[in-house]
Amino acid sequence: GNGGAGWWVWLALGISVGMVLGLWVIQHPRVLGWVERLTVRLASDFTGIAWLGAEGLRAALDVVYGRWRRVGGALVLHLMAWVVGVGESWLALAMMGRPLSFVTVLALEAVVFAVRNAAFAVPWAAGVQEGGYLAIGAVLGLTPETALTLSLVRRVPDLMLGLPGLLWWQIRERAAAGGRVAAKSSS
C-alpha cells in the first residue's frame with residue numbers, strides 16, 4: 001500500500017521550500033560577504049581560489065544571474081529530466097507489480113534525491129542511494145527487494161552515460177601520455 005504517502009509529499013515539499021529559502025538567505029549580501037571572508041581566511045593557502053578575492057563569489061553570481069534566461073532554461077530542462085526520471089521509477093514499479101501513485105513516486109524520488117545530494121562527498125553516492133530507497137521504500141510499503149531493484153534500475157542511466165564517458169576519458173589520457181612519452185624520447 002501507499003502507507004503514509006501524503007506525509008512524504010509534504011516532507012519533500014517542506015525540504016524543497018527550506019532549501020530554496022536557504023539559498024536565498026545565503027545569497028543576501030551580508031551573509032554572502034561573511035561566507036566570502038570566511039572562505040578566504042580558511043583557504044588562504046590554496047592558490048586555486050585566487051579568483052574568489054574579496055568579492056569574487058558575489059561577482060561570479062552577478063554574472064550567472066545576468067544570464068537569467070540561460071539559468072531559467074537550464075532549470076526547466078533539469079526539472080523536465082527529473083520528472084522523466086520519476087516516470088521511469090513509476091513505470092518500473094508498475095512493471096514489478098508494485099504500483100504506487102505518481103505523486104508517491106515523486107515524493108520517494110525527491111527524498112532519495114535529497115539524501116543522495118547530501119552525501120555528495122561519496123563517489124557516485126555508492127550505497128547512499130540504495131540505503132535511501134530501502135529506508136523510504138519501507139515507509140511506503142515496498143519490500144527490500146523491490147526498493148533495491150528500483151535503485152539498481154535508477155543506476156542504469158548513470159552507467160549508460162558514465163561508462164562511455166570514462167572510457168573516452170581514459171583513451172584521451174593514454175593518447176596524451178603517449179604524446180608526452182614520445183616528446184621526451186625525441187628530446
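To keep things clear, this report deals only with the structure shown in the data block. A quick note: this is a predicted structure, and the numbers were derived from the prediction, not measured.

The rules behind each value
Numbering of residues starts from 1 in every chain and runs along the sequence as written. Only residues with pLDDT of at least 70 get local features here, since the model is predicted, and only at 80 or more are side-chain atom pairs given and counted; chain-wide, interface and lining totals rely on the full set of residues. Processing note: side-chain calculations cover all non-hydrogen atoms of the structure and skip hydrogens and water entirely. Working definition: helices are DSSP H or I runs of at least four residues, strands are E runs of at least two. Numbering for both runs from the N terminus. Throughout, a residue-residue contact means that at least one pair of heavy atoms, one from each residue, lies within 4.5 Å. Fitting a line to C-alpha atoms yields each axis, with helices limited to the stretch in contact; the angle taken between N-to-C directions then spans 0 to 180 degrees. Here roughly perpendicular refers to angles of 65 to 115 degrees, roughly parallel to angles under 35, roughly antiparallel to angles over 145, and oblique to all remaining angles. Here, expected helix span is obtained from the residue count minus one, scaled by 1.5 Å. Whether a set of points on the 1 Å grid over the protein atoms alone is a cavity depends on a 1.4 Å probe fitting there but being unable to get out, while an open set qualifies as a pocket with protein on both sides within 12 Å along at least five of seven lines; lining residues are those with an atom within 4 Å of a point. Grid points are joined across faces, edges and corners, and a volume is the space filled by probe spheres set on the points. Here the term charged refers only to Asp, Glu, Lys and Arg, the term nonpolar to Ala, Val, Leu, Ile, Met, Phe, Trp, Tyr, Cys and Pro, and the term polar to all other amino acids, Gly among them. The hand of a helix crossing depends on one turn: near helix anticlockwise from the far one by less than a right angle means left-handed, and clockwise means right-handed. The buried label applies to any residue whose accessible area, calculated with a 1.4 Å probe on protein chains only, is under 20% of its type's maximum; exposed applies above 50%, and partly exposed to all values in between. Here a polar contact is taken to be a pair of N or O atoms separated by no more than 3.5 Å, where protein atoms must pair a possible hydrogen donor with a possible acceptor and residues adjacent in sequence count only if both atoms sit in side chains. Whenever a carboxyl oxygen of Asp or Glu lies within 4 Å of a side-chain nitrogen of Lys or Arg, that contact is scored as a salt bridge.

**Overview of the overall build of the chain**
Across its full length, the chain carries seven helices and zero strands. Counting from the amino terminus, helix and strand elements in the chain follow one another as α-α-α-α-α-α-α. Within the chain, residue pairs in contact and separated by at least 24 positions form 58% of the contacts whose partners lie at least 6 positions apart.

**Quick word on the packing of helix 2 (residues 29-42) against helix 3 (residues 56-66)**
Axis separation between helix 2 and helix 3 bottoms out at 8 Å; the angle between their running directions is 130°. Taken together, the axes of helix 2 and helix 3 lie oblique to each other. Contacts between helix 2 and helix 3 pair Pro29, Leu32, Gly33 and Glu36 from the former with Gly56, Leu57, Arg58 and Leu61 from the latter.

**Some details on helix 6 (residues 128-139)**
Given a rise of 1.5 Å per residue, 12 residues ought to cover 16 Å, and the 17 Å separating the end C-alpha atoms of helix 6 matches this to within 8%. After helix 6 finishes, the residue Gly141 shows a positive phi value of roughly 90°.

**Considering the side chain of Gln129**
Looking at where Gln129 falls in the secondary structure, it is placed in helix 6. For Gln129, the contacting residues outside a window of four places in its chain are Val112, Arg116, Ser151, Arg154 and Arg155.

**Let's talk about the layout of surface pockets**
Volume-wise, the largest pocket comes out at about 760 Å³. Put simply, the parts of the chain that give the lining of the largest pocket at least two residues each are helix 1 (5-26), helix 4 (68-95) and helix 5 (102-118). A per-class count over the lining of the largest pocket returns 17 nonpolar, three polar and no charged. Taken as a whole, the second largest pocket holds about 420 Å³ of empty space. Trp82, Phe113, Arg116, Arg154 and Asp158 are, among the 19 residues lining the second largest pocket, the residues nearest its centre. Among the elements of the structure, helix 4, helix 5, helix 6 and helix 7 (144-186) are those that each provide at least two residues to the lining of the second largest pocket. Considering only residue class, the lining of the second largest pocket consists of 10 nonpolar, four polar and five charged.

**A look at the packing of helix 4 against helix 5**
At a minimum axis distance of 9 Å, the contact between helix 4 and helix 5 shows a crossing angle of 115°. Seen along the crossing, helix 4 lies across helix 5 with a hand that is right-handed. Along its contact with helix 4, which presents His78, Trp82, Val83, Val86, Gly87, Ser89, Trp90 and Leu93, the element helix 5 presents Phe102, Val105, Leu106, Glu109, Ala110 and Phe113. Grouping the constituent residues of the contact of helix 4 with helix 5 by class yields 10 nonpolar, three polar and one charged.

**Considering the side chain of Glu109**
Looking at where Glu109 falls in the secondary structure, it is placed in helix 5. Looking at Glu109, the relative accessible area reads 4%, which means it is buried. Within the structure, Glu109 has its side chain in polar contact with the side chain of Tyr133 (distance 2.7 Å). In this view, Glu109 contacts Trp82, Val86, Ser89, Tyr133, Leu150 and Arg154; residues no more than four positions away in its chain are not counted.

**Let's talk about the pattern of salt bridges**
Tallied over the entire structure, the rule returns five salt bridges. A salt bridge links Glu109 to Arg154; its shortest N-O distance comes to 3.5 Å. Of this pair, Glu109 sits in helix 5 while Arg154 sits in helix 7, and the two are 45 residues apart along the sequence. The burial state of Glu109 is the same as that of Arg154; both residues are buried. A salt bridge links Arg155 to Glu130; the shortest N-O distance between them is 2.9 Å. Of the two residues, Arg155 is situated in helix 7 and Glu130 in helix 6; the sequence distance between them amounts to 25 residues. Residues participating in the shared-partner salt-bridge network are Arg116, Glu130, Arg155 and Asp158.

The values reported here are purely geometric and, on their own, carry no functional implication.
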